[in-house]
Amino acid sequence: MKFVGISGSLRAASTNTALLRATQELLPEGVNMDLVTLNALPMLNPDDLANGFPDLVNQLAAQAKAADALILATPEYNYSISAALKNYIDWLSIYPDAPFKQKPIAIMSSSPGIFGGARAQYHLRQMFIYADAKVLNGPEIMVGLSGEKITEQGELVDSASRDLIKQQMEALAKLAS
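Residues numbered from 1 in each chain as written. Predicted model: local features only at pLDDT ≥ 70, side-chain atom pairs only at ≥ 80, totals over all residues. Heavy atoms only, no water.

Taking an unreviewed UniProt entry as the reference, the protein chain is identified by name as NADPH-dependent FMN reductase belonging to Thiomicrospira cyclica. Per UniProt, the protein chain has the following entry under Cofactor (unreviewed entry): "FMN". (UniProt positions renumbered as here; feature names shortened; annotations may be inferred.)

Structure, rendered in structure tokens:
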């Protein structure tokens, strides 16, 4: 089974990317995951579609379509998701092959604040109504006080968070099968 993890953060030392790296270690047997960052994704401008979709968008759409499930890790900015992740969703939601349609999706977030990105996750869930995705309801992964749970080297050392990620990945594999 193939999962694709998408980091909504552009930061080199992103705690959300760190969550996805930890997730790669905690996948059920028989599941592997590619990790995708969005640093090179151009901003959506419908005027640019006269020449077709950019190559990177075609690549990301094909990758999402071929995956058995997606895992999205988002930081929280102004009580919502990052612009990078919103841009990714916007591109793929207008893509002709509808890569999100009925796609199992798990959501996770980390934040230096106590809520762990909860408000961003709720916005993210709303965005996938239009795309007709199958967003996993639980367990929810919201790693608050991330500075205490993720080392400067990007290692998730919080055992409760690791256990929840493992449970979430088992649930996602079940939803995707």
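Description of the packing of aromatic side chains
Within the structure shown, the criterion is met by 4 aromatic pairs. Measuring from centroid to centroid gives 5.9 Å for Tyr88 and Phe100, while their planes differ by 70°, and the two rings are edge-to-face. Of this pair, Tyr88 sits in helix H3 (residues 83–93) while Phe100 sits in the loop between H3 and strand E4 (104–110), placing them 12 residues apart in sequence. Overall, the relative accessible area of 2% leaves Tyr88 in the buried class. With a relative accessible area of 1%, Phe100 lands in the buried category. Ring centres of Phe100 and Phe128 lie 5.0 Å apart, and the angle between their planes is 90°; on these two criteria the pair is classed as edge-to-face. Separated by 28 residues along the polypeptide, Phe100 in the loop between H3 and E4 and Phe128 in helix H4 (residues 118–130) bring together distant segments of the chain. For the residue pair Phe100 and Phe128, the accessibility class agrees, reading buried in each case. Among the aromatic residues, those joined into a ring-pair cluster are Phe53, Trp91 and Tyr95. (Phe/Tyr/Trp six-rings, centres within 6.5 Å; stacked < 30°, edge-to-face > 60°. Helix = DSSP H or I, 4+ residues; strand = E, 2+ residues; numbered from the N terminus. Buried < 20%, exposed > 50% of the residue type's maximum accessible area, 1.4 Å probe, protein only.)

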